[in-house]
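Residue-level listing of the chains:
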Amino acid sequence: MNLLGRMGWGDVVFEPALANPDSSDLIAAGAGGVVVLGAIVALYCLFHYRLWGVFWRGWLTSLDHKRIGIMYIAFAMIMLVRGVLEGVVMRAQQADGLDGGFLTSHHYGELFSTHGTIMIFFMAMPFLTGLINIIVPLQVGARDVSFPLLNALSLAFTAAGGALIMVSLVVGEFSTGGWTGYPPFTGVAFQPGVGPDYWIWSVALAGIGTTLSGINFVTTILKERAPGMTFARLPLFTWTAFTTSVLMVFALPPLTVATSLLALDRMAGFHFFTNDLGGNMMNFANLFWLFGHPEVYILILPAFGVFSEVFATFSGKKLYGYTSLVIATVVIAVLSFTVWVHHFFTMGQSANLNAIFGIATMTIGVPTGVKIYDWMATMYRGRVRMSVPMIYSVGFIMLFVIGGLTGIILANPTVDYQVHNTLFLVAHFHNMLIPGLLFGMLAGYTFWFPKVFGFQLDAFWGRIAAWGWIVGYSLTFFPLYAVGLMGMTRRTASYTIEAFQPWMLVSGLGALVVLGALVALGLQLWVSIRYRKALTVEGGDPWDGRTLEWSLPAPVPEWNFAHIPMVTARDDFWEKKRTATVDATPATYTDIALPRNSMLGPLFAVAATALGFGLIWYIWWMAALAAAVMPLAIIVRSFRTDIHRVIPADEVAAYDLAFRETRAALVPVGRDGEETVANRGRANREAFE
């Protein structure tokens, strides 16, 4: 019995680079070396600077929704770095593609597969889940999510899937079947190695985590709202989080089923998705896109919520068309389940069916258009401040509308037949997700950062990063519309048509600008941390915020609210500032019970990673042991009775009263000082209206 299953020394990425290297092998070995070196440096810092205890007690075992959300976003940022770097390498390969380039077609196939998988499942999903985790309980007036331990387990499954993606850089290889994992490309006959198995188990684990998060968020919004926080008073970000969470609950199970059946095809000789013994590969396509198109709106809707908060706050106005925005959000969520067939218009279904789904696809553009007009009406005659979040938001409107128009074009089956599987489609997809999702997440990251950490992000580097993303995106992907119409297919590593190359060179230049924007984003964080004392916002309200989270100290204490608020209006905090009742002190303070730390989260992360790795490499003892550890840990946990700890009322009162005194003593800052060190977290309300 081989204790390492089918794994051998030849599967380690450094072996080909040492034996008979070419440029692809050296690049792959370099990427694997970065992963190994990064892990070593991280462990060294934790132990050398004696940070392990703080990291374990304060973060890894914490059940505080804010800390879990921060860990989600930190994870997403790490994956964003890898995803962007892979994108830059792909653009460089295509810029040099007329001469064959420097990558093998197999390595290029791995790159576009990992890039798509990472950016969808391990950058976008954790980023939006992290923002929802942090902000929604604060916006609804809750002390935590409904199921704090489940929240930690959701993060654990997501982290396990991401760990497998990173391990694939060092041991084995990744799938070349794209982020969708279509059979037969991911079947045993085409890819007998471990690549598709890495894709299957990383995506399956992340999907389980996302499903659990959706259940948790739906329950929190339904059951944990403060008194008076009716659905008609929910902030738009919470509304979009709610509809997104419903989509998570209903859209992720088809993905779990699809990956499980594909695993059975590969590992147990089943034939769900092969032509042998009655299988049909279109069954996979239908299952995947039953998840995949609602997934697009899982990604987009939280960003829409962020933009709604940003436009209202930085225009100094109430959000225009609140009711229509809520209705549009719900309509988009419902219609997202009715359009999945447009992803395979060319795969043989009838013209009538194509027409039905083409019409449904065009229809979903109507509620999206309603949102765009409402946001523009919010800015109209407002006192607009072009802050960093506002730059992302305005850039989103301009670029997203272009992407939406190309989506309407693709919704016509006759047009789709001509441009399907070309770079026109790649340009459209990125035209929706980069301005729509990434800009929204970066706007939210910048907008709520001072609330979470107690100091602003540096505005100078923030503006450079924002403009870099806008310009870099445009240069990178607009040329792809042109070459797509010229007939260049996607997933093309090299080509022989000279007319493609000038467009690919411009696209490669744009990728370098995007890389610069990513560097600027890192510099913004580094500079902000370095000068955090000067950028502190102890008043908690640097932007003249409108919703409940801005009434809290910055950073927010672990119990969130010293006293659960009574909500009397939409934009309740803004209304209380307007009526000068914001500083009303609670009559009494009470003890607050919070969940104790639990090691179940990191234990599940390790066990789930081991389970996936064991199944990938057929290390059955490892898979069996990991599968047994998780339910056993749950059983042991169920016998614990001391799962809460109590924060005394005196401690809560002292903290809250000190914050109120600090806020009252601050000098209110106006528009000109909003993004300067003069802003200590108390806005001059009149100056922003």
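Residues numbered from 1 in each chain as written. Predicted model: local features only at pLDDT ≥ 70, side-chain atom pairs only at ≥ 80, totals over all residues. Heavy atoms only, no water.

### Some points on empty space enclosed by the protein
- Under the defined criterion, the tally for this structure stands at 5 cavities of 30 Å³ or more.
- Size it by volume and the largest cavity reaches roughly 70 Å³.
- Residue lining of the largest cavity: V388, P389, T446, P450, Q456, L457, D458, A459, Q524, W543 and E675, and that is the complete set.
- Looking at side-chain class alone, the lining of the largest cavity contains 6 nonpolar, 3 polar and 2 charged residues. (1 Å grid on protein atoms, 1.4 Å probe; cavity = no way out; pocket = protein on both sides within 12 Å on 5 of 7 lines; lining within 4 Å. Points joined across faces, edges and corners; volume = space filled by probe spheres on them. Nonpolar A, V, L, I, M, F, W, Y, C, P; charged D, E, K, R; others polar.)

### Examining the pattern of salt bridges
- Within the structure shown, the criterion is met by 16 salt bridges.
- The shortest N-O distance in the salt bridge between K66 and D64 comes to 2.9 Å. (Salt bridge = Lys/Arg side-chain N within 4 Å of Asp/Glu carboxyl O.)

### Some words on the side chain of D541
- Examined against the element boundaries, D541 turns out to sit in the loop between helix 17 (500-530) and helix 18 (572-578).
- Within polar-contact distance, the side chain of D541 engages the backbone nitrogen of D544 at 3.3 Å.
- Here the side chain of D541 touches K577 through a polar contact of 2.9 Å, side chain to side chain.
- Sequence-distant contacts of D541, that is, excluding residues within four places in its chain, are made with W550, F573, K577, G681, R682 and A683. (Helix = DSSP H or I, 4+ residues; strand = E, 2+ residues; numbered from the N terminus. Polar contact = N/O pair within 3.5 Å; in protein donor to acceptor, adjacent residues only side chain to side chain. Contact = heavy atoms within 4.5 Å.)

### A look at the environment of V249
- By secondary structure assignment, the location of V249 is in helix 8 (residues 236-268).
- Relative accessible area serves as the criterion here: at 25%, V249 is assigned to the partly exposed category.
- Sequence separation of V249 and R532 is 283 residues, and the distance between their C-alpha atoms is 39 Å.
- Residues in contact with V249, not counting those within four places in the same chain, are G214 and I215. (Buried < 20%, exposed > 50% of the residue type's maximum accessible area, 1.4 Å probe, protein only.)

### With respect to the packing of helix 7 (residues 195-223) against helix 8
- Their axes nearest at 7 Å, the elements helix 7 and helix 8 cross at an angle of 150°. For the element pair helix 7 / helix 8, the angle class is roughly antiparallel. Note that helix 7 runs across helix 8; the crossing there is left-handed.
- Class assignment for the residues of the contact of helix 7 with helix 8 results in 21 nonpolar, 7 polar and 2 charged. (Axes fitted to C-alpha atoms, helices over the stretch in contact; angles between N-to-C directions. Parallel < 35°, antiparallel > 145°, perpendicular 65-115°, else oblique. Left-handed = near helix turned anticlockwise from the far one by under 90°.)

### Points about unusual backbone geometry
- Omega for the bond connecting P183 with P184 falls within 30 degrees of zero, at 10°, which places this linkage in the cis form.
- Residue placement: P184 occurs in the loop between helix 6 (148-167) and helix 7.
- Residues A554 and P555 are joined by a peptide bond in cis, for which omega reads 0°.
- Turning to its location among the elements, P555 is positioned in the loop between helix 17 and helix 18.
- Although it is not a glycine, L277 adopts a positive phi angle of roughly 55°.
- Note on placement: L277 falls in the loop between helix 8 and helix 9 (281-315).
- What makes L277 exposed here is its relative accessible area of 77%.

### As for the packing of aromatic side chains
- By the definition in use, this model includes 51 aromatic pairs.
- Note on W179 and F288: the rings are 5.4 Å apart at their centroids and 70° apart in plane angle, and the pair reads as edge-to-face. Residue W179 is located in the loop between helix 6 and helix 7, and its partner F288 is located in helix 9; the two are separated by 109 residues in the primary sequence. Each member of the pair, W179 together with F288, is buried.
- With centroids separated by 6.2 Å and ring planes inclined at 70°, the aromatic side chains of F307 and W375 adopt a geometry described as edge-to-face. (Phe/Tyr/Trp six-rings, centres within 6.5 Å; stacked < 30°, edge-to-face > 60°.)

### Concerning the nonpolar core
- W375, Y392 and W469 are the most contacted members of the largest nonpolar core, which has 188 residues in total.
- If we skip the residues at most four places from it in the chain, W469 touches L80, V84, Y392, L438, F439, L442, V514, A517, L518 and L521.
- In this structure, A562, I592, L594 and A649 belong to the second largest nonpolar core, which totals 9 residues. (Core = buried A, V, L, I, M, F, W, Y, C linked by side-chain atoms within 4.5 Å.)

### Considerations on helix 15 (residues 423-453)
- Along helix 15, the largest kink reaches about 40° and is centred on F447; proline P450 follows within four residues of it.
- Burial analysis of helix 15 places 29 of its 31 residues in the buried class, which makes it a mostly covered element.
- Following helix 15 by one or two positions, G454 has its phi on the positive side, about 90°. (Bend = angle between axes of the 7 residues up to and from the residue.)

### Observations regarding the environment of T186
- Position of T186 relative to the elements: it lies in the loop between helix 6 and helix 7.
- With 107 residues separating them along the chain, T186 and H293 place their C-alpha atoms 21 Å apart.
- Dropping the residues within four chain positions of it, T186 is found in contact with S175, G177, G181, Q191, P196, L262 and R266.
- A distance of 2.8 Å separates a polar atom in the side chain of T186 from the backbone oxygen of G181.

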